[in-house]
Amino acid sequence: MLDKLQALADRYDKLSELLCDPDVASDNKKLREYSKEQSDLQPTYEAYNEYKQVSEDLDAAKEMQGEKLDDEMREMVKMEIDELSTRQKELDELIRVLMLPKDPNDDKNVIVEIRGAAGGDEAALFAADLYRMYTRYADAQGWRVELMDVNTNDLGGFKEVVFLINGRGAYSKMKYESGAHRVQRIPTTESGGRIHTSTSTVAVMPEAEDFDIEIHDKDIRVDTFCSSGAGGQSVNTTKSAVRVTHVPTGIVATCQDGKSQNSNKEKALQVLRTRIFDMKRMEEEAKISVERKSKVGTGDRSERIRTYNFPQSRVTDHRIGLTMHKLDQIMNGEIEDILSALTIAQQTELMDRGE
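Residues numbered from 1 in each chain as written. Predicted model: local features only at pLDDT ≥ 70, side-chain atom pairs only at ≥ 80, totals over all residues. Heavy atoms only, no water.

Looking up the protein in an unreviewed UniProt entry gives the name Peptide chain release factor 1, with the organism given as Paenibacillus amylolyticus. In the Sequence similarities (unreviewed entry) part of its UniProt record, the protein is described as follows: "Belongs to the prokaryotic/mitochondrial release factor family." The record held by UniProt for the protein lists under Subcellular location (unreviewed entry) the comment "Cytoplasm". (UniProt positions renumbered as here; feature names shortened; annotations may be inferred.)

A. Inspection of the pairing of strand S3 (residues 158-166) at higher detail. As judged from the six bridges shared by strand S1 (residues 110-116) and S3, these two strands associate in the antiparallel manner. Pairing of arginine 115 across the sheet is with glutamate 160, part of S3. The pairing of strand S2 (residues 144-152) with S3 spans eight bridges and is antiparallel. Residue pairing for S3: valine 145 is matched across the bridge by isoleucine 165. Between S2 and S3, which pair antiparallel one after the other, the connecting turn spans five residues, and glycine 156 there sits at a positive phi close to 90 degrees. (Pairing = 2+ DSSP bridges. Helix = DSSP H or I, 4+ residues; strand = E, 2+ residues; numbered from the N terminus.)

B. Fine view of a negative patch on the surface. On the surface, a cluster of negative charge is made up of Glu56, Asp57, Asp59, Glu63, Glu67, Glu80 and Glu83. Looking at the negative patch, the elements with two or more residues in it are helix H3 (28-65) and helix H4 (71-98). Inspection of the secondary structure assignment puts aspartate 57 in helix H3. Using a relative accessible area of 31% as the deciding quantity, one classes aspartate 57 as partly exposed. (Patch = residues over 30% accessible without salt bridge, like charges linked within 9 Å, V, L, I, M, F, W, Y side chains within 5 Å. Areas by Shrake-Rupley, 256 points an atom, 1.4 Å probe, with all protein chains shown as cover. Salt bridge = Lys/Arg side-chain N within 4 Å of Asp/Glu carboxyl O. Lys, Arg positive; Asp, Glu negative; His and termini not counted. Charge placed at Lys NZ, Arg CZ, Asp CG, Glu CD. Buried < 20%, exposed > 50% of the residue type's maximum accessible area, 1.4 Å probe, protein only.)

C. Structural view of the sheet that holds S2. Spatially, S2-S3-S1-S5-S4-S9-S10-S11 is the arrangement adopted by the eight strands of the open sheet, whose pairing is mixed. Edge strands, defined here as strands with exactly one partner in the open sheet, are S2 and strand S11 (322-324). Taken pair by pair, the neighbouring strands of this sheet meet at an average axis angle of 15 degrees, ignoring direction. Across the sheet, helix H9 (residues 336-352) is in contact with strand S9 (304-309), strand S10 (314-317) and S11; its angle to S11 comes to roughly 165 degrees. (Axes fitted to C-alpha atoms, helices over the stretch in contact; angles between N-to-C directions. Contact = heavy atoms within 4.5 Å.)

D. Structural detail: the environment of threonine 343. Tracing the backbone shows threonine 343 in helix H9. When the C-alpha atoms of threonine 343 and tyrosine 176 are compared, they prove to be 8.3 Å apart, with 167 residues separating the residues in sequence. A polar atom in the side chain of threonine 343 sits 2.9 Å from the backbone oxygen of leucine 339. (Polar contact = N/O pair within 3.5 Å; in protein donor to acceptor, adjacent residues only side chain to side chain.)

E. Summary view of the pairing of strand S4 (residues 179-185). Most of S4 sits inside the fold, with seven of its seven residues counted as buried. Summarising the sheet, S4 and S9 pair through five bridges and their orientation is parallel. Looking across to S9, one finds that arginine 182 is bridged to threonine 307.

F. View of H3. Between its first and last C-alpha atoms H3 spans 54 Å; for 38 residues at 1.5 Å apiece the expected length is 56 Å, and the two agree. Of all bends in H3, the biggest is about 45 degrees, found at glutamine 42, and the proline proline 43 comes one to four residues later. Taken residue by residue, H3 has Tyr34, Gln38, Leu41, Thr44, Tyr45, Ala47, Tyr48, Tyr51, Val54, Ser55, Leu58 and Ala61 as its buried positions. The secondary structure elements touched by the buried residues of H3 are helix H1 (2-19), helix H2 (22-25) and H4. You can read the cap of H3 off the contacts: a side-chain oxygen lies 3.1 Å from the backbone nitrogen of lysine 29, and it is on aspartate 27. (Expected span 1.5 Å × (residues − 1). Bend = angle between axes of the 7 residues up to and from the residue.)

G. Examining the packing of aromatic side chains more closely. The final tally for this structure, using the stated rule, is five aromatic pairs. For the ring pair phenylalanine 126 and tyrosine 308, a centre distance of 5.3 Å and an interplane angle of 65 degrees mean the geometry is edge-to-face. Here phenylalanine 126, found in helix H5 (residues 121-141), pairs with tyrosine 308, found in strand S9; they are 182 residues apart in sequence, far enough to count as distant. Accessibility expressed as a relative area gives 0% for phenylalanine 126, which makes it buried. Ring centres 4.9 Å apart and planes at 80 degrees place the aromatic pair tyrosine 131 and phenylalanine 163 in the edge-to-face group. Residue tyrosine 131 is found in helix H5, and its partner phenylalanine 163 is found in strand S3; the two are separated by 32 residues along the sequence. Members of the aromatic cluster, joined through ring pairs, are Tyr131, Phe158 and Phe163. Over the ring of phenylalanine 310 we find arginine 185, and its NZ or CZ is 4.8 Å from the ring centre. (Phe/Tyr/Trp six-rings, centres within 6.5 Å; stacked < 30°, edge-to-face > 60°. Lys NZ or Arg CZ within 6 Å of the ring centre and 35° of its normal.)

H. Region of the structure containing the pattern of salt bridges. Taken as a whole, this structure holds 28 salt bridges when the rule is applied. Two residues, arginine 96 and aspartate 92, come together in a salt bridge whose shortest N-O distance is 3.1 Å. Remark: aspartate 92 and arginine 96 occur in helix H4; sequence separation between them is four residues, near one turn of the helix. Look at aspartate 92 and you get partly exposed, because its relative accessible area is 24%. Arginine 132 serves as the salt-bridge partner of aspartate 129, at 2.3 Å between the closest nitrogen and oxygen. With aspartate 129 and arginine 132 both in helix H5 and three residues apart, this pair spans about one turn of that helix. On the accessibility criterion, aspartate 129 (15% relative accessible area) is buried. Linked through salt bridges whose partners overlap, the residues forming this network are Lys36, Asp40, Asp107 and Arg168.

Given below as structure tokens:
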């Protein structure tokens, strides 16, 4: 591993030289590419440099320990060795995590789709609750949320909602949310006070950029229609809503959130591009991981990943057996502890596999 780390450090130093080169500074594409590469390498580079310094200091302290010292100095050297040994182990573990394969999509924005599944109106109401949970989490992270499309029911629930979360590293955290989310509670529509179980599905996709997926005009069909609200009544007498169909794959994206047809078309194309990119990404991952299944799940929206039990204020993530009794805080967007636990579980699994 030390050889890999030294090669990484050499590359980081080379990038520093390249970024000072006038030819690179005048080339926006190269400047952006090299800057991002160096930024990605920086945490490992800094940890490796500290590890080398701590190791040198530890060797020097151990050598001093063999010399003739008075009791006070010997005790000081022993304390220094203990501190340096602890720090060396911490850095070793940190570097092993930093050297794990990184998902190339981790720094991307995400497009999230939430749909009410089993449970009718209650599933749609829970889908709206999940939307609020994620938007509040995004706000706490300093990310920006943009609503792309929404289809509501008469009670204010979401049959389907599609939204963009714009923020560096959004996919690295939000990717664990794909799957079926189950809720157990007494619905507002239940007069007998019985607890119902409903589900909503979440799909989290890394936003596709233009260079990820190229869509040709000849491959798409664009339909326009009047936007509609709850109950299907017309809320816009102009045909501003847009439905875009990618003919080769049959993938469809709709947007009716904006009043402008052009704006809705751009948003629909953005969602369409992301859905196509996600389909291809999932196909590639299926080929690579056909012989293994990650502990934190496959990302399949049909896979049940979490249960929200309102009567007992309990949230359980079934992938890692994590249970927390703070449902109110979680529904208010405080999901960082869950996402951190899932990240650690995945890192541990990768290290156990020696990747």
